[in-house]
Amino acid sequence: MSTKKTVAELTIFYKRQRLSSLIFDNQETADKFVETITSFFNQKGKDEFSFNGEIKTVYTPESLTGELRSYAEGDISPEGWMVNMMKVIDGLN
């Protein structure tokens, strides 16, 4: 299977409430965004804004089908979202 394409999801919180999520091409870009935006904050901004990042896989129809087919054939072990999906499916049967 080909290398997985990933993106960085950055969630922005204001006063502990989710304000928005942004998607970046990679973690370095997301880190640069946080560094730049926080440079504008005064102490109150630094206290009231927070950030959480996560790397996510980008799926195409072909990569999704390939990963599911590889799982079904026993070539790969489920991980991430696939483990959660398999637990739900097993609970339905």
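Keep in mind it's a predicted model, so treat the numbers as computed, not measured. (Residues numbered from 1 in each chain as written. Predicted model: local features only at pLDDT ≥ 70, side-chain atom pairs only at ≥ 80, totals over all residues. Heavy atoms only, no water.)

**So, the overall build of the protein chain**
A tally of helices and strands in the protein chain yields four helices and three strands. In the protein chain, the order of α-helices and β-strands from amino to carboxyl end is β-β-α-α-β-α-α. Taking 2.2 N^0.38 as the reference for a compact globule, 93 residues should give roughly 12 Å; the C-alpha atoms of the protein chain span a radius of gyration of 18 Å, well beyond that estimate. By residue count, 17% of the 93 residues in the protein chain fall in the buried class. Within the protein chain, counting contacts between residues at least 6 apart in sequence, those at least 24 apart form 46% of the total. Accessible surface, the protein chain: about 7,200 Å² in total, of which carbon and sulfur atoms supply 53%. Charged side chains of the protein chain number 11 positive and 14 negative; the gap between the two group centres comes to 9 Å. (Helix = DSSP H or I, 4+ residues; strand = E, 2+ residues; numbered from the N terminus. Rg over C-alpha atoms; globule rule 2.2 N^0.38 Å. Buried < 20%, exposed > 50% of the residue type's maximum accessible area, 1.4 Å probe, protein only. Contact = heavy atoms within 4.5 Å. Areas by Shrake-Rupley, 256 points an atom, 1.4 Å probe, with all protein chains shown as cover. Lys, Arg positive; Asp, Glu negative; His and termini not counted. Charge placed at Lys NZ, Arg CZ, Asp CG, Glu CD.)

**Re the side chain of E9**
Along the polypeptide, E9 turns up in strand β1 (residues 5–14). A distance of 3.3 Å separates a polar atom in the side chain of E9 from a polar atom in the side chain of K56. Each residue touching E9, except ones within four places of it in the same chain, is listed here: S21, L22, I23, N52, G53, E54 and K56. (Polar contact = N/O pair within 3.5 Å; in protein donor to acceptor, adjacent residues only side chain to side chain.)

**Notes on the sheet that holds β1**
What the three strands build is an open sheet, ordered β2-β1-β3; its pairing is antiparallel. At either end of the open sheet lies a strand with only one pairing partner, and these are β2 (17–24) and β3 (49–58). Across the sheet, the mean angle from the axis of one strand to that of its neighbour is 25°, orientation sign disregarded. Alignment of β1 against β2, held across seven bridges, turns out to be antiparallel. From the neighbouring strand, L10 faces β2, where its bridge partner is L22. Sitting on the sheet, helix α1 (residues 27–38) touches β1, β2 and β3, and the angle it makes with β1 is about 25°. (Pairing = 2+ DSSP bridges. Axes fitted to C-alpha atoms, helices over the stretch in contact; angles between N-to-C directions.)

**Observations concerning the pattern of salt bridges**
Per the counting criterion, the structure on display carries two salt bridges. For K56, the salt bridge is made with E9, and the minimal N-O distance between the two is 3.3 Å. With a gap of 47 residues between them, K56 in strand β3 and E9 in strand β1 connect regions that are remote in the sequence. Judged by relative accessible area, K56 falls into the partly exposed class, the value being 33%. (Salt bridge = Lys/Arg side-chain N within 4 Å of Asp/Glu carboxyl O.)

**A look at the environment of R16**
Positionally, R16 belongs in the loop between β1 and β2. Here R16 falls in the exposed class, since its relative accessible area comes to 79%.

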